[in-house]
Amino acid sequence: MLNEKRDKLIIEALGGCWHEYECTTFPHLKCKKCNRLEIGVVEDGFDVDLSTPDGFFWAWDRAKEKEWWPDFLLYLFEKRYGRSSIWAYRLVCVDDIDLDTFANNLAEFLEGRK
Ligand SMILES: [Zn+2]
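Definitions and limits used
- Residues numbered from 1 in each chain as written.
- Predicted model: local features only at pLDDT ≥ 70, side-chain atom pairs only at ≥ 80, totals over all residues.
- Helix = DSSP H or I, 4+ residues; strand = E, 2+ residues; numbered from the N terminus.
- Buried ≥ 20, exposed ≤ 12 C-beta atoms within 10 Å, placed from the backbone.
- Axes fitted to C-alpha atoms, helices over the stretch in contact; angles between N-to-C directions.
- Parallel < 35°, antiparallel > 145°, perpendicular 65-115°, else oblique.
- Left-handed = near helix turned anticlockwise from the far one by under 90°.
- Contact = placed C-beta atoms within 7 Å.
- Nonpolar A, V, L, I, M, F, W, Y, C, P; charged D, E, K, R; others polar.
- Pairing = 2+ DSSP bridges.
- Arc of directions from axis to C-beta.

## Details of the overall build of the chain
- Within the chain, the secondary structure is distributed over 4 helices and 3 strands.
- Reading the chain from its N terminus to its C terminus gives the helix and strand order α-β-β-β-α-α-α.
- Projected onto the principal axes, the alpha-carbon positions of the chain cover approximately 55 × 25 × 20 Å.
- Per-residue burial for the chain yields a buried fraction of 16% across its 114 residues.

## Remarks on the packing of helix 1 (residues 4-13) against helix 4 (residues 99-113)
- One can describe the packing of helix 1 onto helix 4 by two numbers: an axis separation of 9 Å at closest approach and a directional angle of 70°. On the basis of their axis angle, the class for helix 1 and helix 4 is roughly perpendicular. The handedness of the crossing between helix 1 and helix 4 is left-handed. Residues Arg6, Asp7, Leu9, Ile10 and Ala13 of helix 1 touch helix 4, and the partners they reach there are Ala103, Asn104, Leu106, Ala107, Leu110 and Glu111.
- Residue classes in the contact of helix 1 with helix 4 are distributed as 7 nonpolar, 1 polar and 3 charged.

## Regarding the sheet that holds strand 3 (residues 37-39)
- Taken in spatial order, the 3 strands line up as 1-2-3 in an open sheet, and their pairing is antiparallel. Sheet topology places strand 1 (21-23) and strand 3 at the edges, where each strand pairs with a single neighbour. If you compare each strand with its neighbour and ignore which way they point, the axes differ by 35° on average.
- With 3 bridges connecting them, strand 1 and strand 2 (residues 28-31) associate as antiparallel partners. Across the sheet, Tyr21 pairs through a bridge with Cys31, a residue of strand 2.

## Let's talk about unusual backbone geometry
- Pro27 follows Phe26 through a cis peptide bond whose omega is 5°.
- Mapped onto the fold, Pro27 is located in the loop between strand 1 and strand 2.

## A few points about helix 2 (residues 53-63)
- Every buried residue of helix 2 is accounted for by Gly55, Trp58 and Ala59. In an axial view of helix 2, the angular spread of the buried residues amounts to 90°, which keeps them on one side of the axis. Opposite the packed face of helix 2, turned more than 90 degrees from it, sit the exposed residues Pro53, Asp54 and Asp61.
- In this structure, the buried residues of helix 2 make contact with helix 1 and helix 4.

Here it is, written out as structure tokens:
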């Protein structure tokens, strides 16, 4: 299910645009931030919902390229086991890969980095 506050935080941290469309000449819409063009009725937000497989892989592929990815894996490990480990990056649990759980944990992690 779309979680706007969470998804906006993640998408912007991963270099995506949380689109804000304005009507130019009906039925054309343009994002005020990235100039993406759409036709018809389009809601503000991102192209995909992070709680769907497409959204999950969009976030996963970008997050694992970030310099903070090892810190995020450590964060997941510490959250689950209450302690640190140099092996944390190998031990992330399948439960953390669940679509919504991944997005929730990633948003929490990013919020903590602000
Ligand atoms: Zn945009």
